[in-house]
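Summary of the model geometry
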Amino acid sequence: MNPYAETVQVEVDVEDCSTVFLIDGDGDEAGEVEQSVALVQVRQAVAELSIIYQGADGLPFTVTVADHDPGADLDGYEEIVEIDFMSPTGEVLLIGWRMDWDDAAVRRLPPLPAGPGVHRLRYHIWSTLMERPDFDGNHHYLQIWPAQPSAPIVVKPGAWTAHWNDAVT
């Protein structure tokens, strides 16, 4: 059987708070923080992905949904972290932080091939110390695949992850 991986590129609008959310299809109740690692906090069916910009329109995000670990892009990004994410439905979406919910701002992602269950998120960020957004490059890359539960880790530390007190090394 051939391994499955689908990569999509989306643009996300963030009004404020330097956050993009990965939300499970029924992530209505975020709850308390369950796990965190520099750049990502996971709550019940919601992952908060930190971005360096306070707000941005058209922020490019690349997402790979796979049935296996697609491998970290160690050369293409400055900082990389991993954390578990529980998906009760197997359907996920991205949306930037907003004052009010806007269905038009939702970016639906391919269904998780393993369906509901524990998945691993690997979040890559490039150019974390830029003062002005430069959207010519691919600055945010998220990988999602089914995995056994494991501790959050910093795969590749950088200047931003060094400032987080809860960074796991």
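Data block above holds the structure.
Reference entry: report on the structure contained in this document. (Residues numbered from 1 in each chain as written. Predicted model: local features only at pLDDT ≥ 70, side-chain atom pairs only at ≥ 80, totals over all residues. Heavy atoms only, no water.)

Take the nonpolar core next. Counting 34 residues, the largest nonpolar core has Leu22, Val40, Phe61, Leu94, Tyr123 and Ile144 as its most contacted members. For this core, the element with the most residues is strand β6 (residues 56-66), which contributes five residues. Not counting residues up to four positions away in its chain, the partners in contact with Val40 are Gln35, Ala47, Glu48, Leu49, Val81, Ile83 and Tyr123. Residues Phe21, Val46, Leu93 and Ala105 belong to the second largest nonpolar core, which totals seven residues. (Core = buried A, V, L, I, M, F, W, Y, C linked by side-chain atoms within 4.5 Å. Buried < 20%, exposed > 50% of the residue type's maximum accessible area, 1.4 Å probe, protein only. Helix = DSSP H or I, 4+ residues; strand = E, 2+ residues; numbered from the N terminus. Contact = heavy atoms within 4.5 Å.)

Turning our attention to the sheet that holds β6. Spatially, six strands are ordered β1-β6-β11-β10-β7-β12 in an open sheet, and the strand pairing comes out mixed. Bordering the open sheet on either side are β1 (5-14) and β12 (153-156), each of which pairs with just one other strand. Geometrically, the sheet is characterised by an average inter-axis angle of 25 degrees between neighbouring strands, direction not taken into account. Pairing analysis gives seven bridges linking strand β10 (residues 117-125) to strand β11 (residues 140-146), with the strands arranged antiparallel. Paired with Arg120 across the two strands is Trp145, which belongs to β11. (Pairing = 2+ DSSP bridges. Axes fitted to C-alpha atoms, helices over the stretch in contact; angles between N-to-C directions.)

Enumeration over the complete set of coordinates arrives at five salt bridges. In this structure, Glu48 and Arg43 form a salt bridge, with 2.6 Å as the shortest nitrogen-oxygen distance. Under the relative-accessibility criterion, Glu48 is labelled buried at 19%. With a relative accessible area of 17%, Arg43 lands in the buried category. One salt bridge in this structure joins Arg122 and Glu82, with 2.7 Å as the shortest N-O distance. With Arg122 in strand β10 and Glu82 in strand β7 (residues 79-87), this pair connects stretches of sequence that are 40 residues apart. (Salt bridge = Lys/Arg side-chain N within 4 Å of Asp/Glu carboxyl O.)

Enumeration according to the criterion identifies two aromatic pairs in this entry. Judged by centre distance (6.1 Å) and plane angle (10 degrees), the rings of Phe61 and Tyr123 are stacked. With Phe61 in strand β6 and Tyr123 in strand β10, the pair connects residues that are 62 residues apart, well separated along the chain. Just as Phe61 is buried, Tyr123 falls in that class too. (Phe/Tyr/Trp six-rings, centres within 6.5 Å; stacked < 30°, edge-to-face > 60°.)

These values are about where atoms sit, not about what they do.
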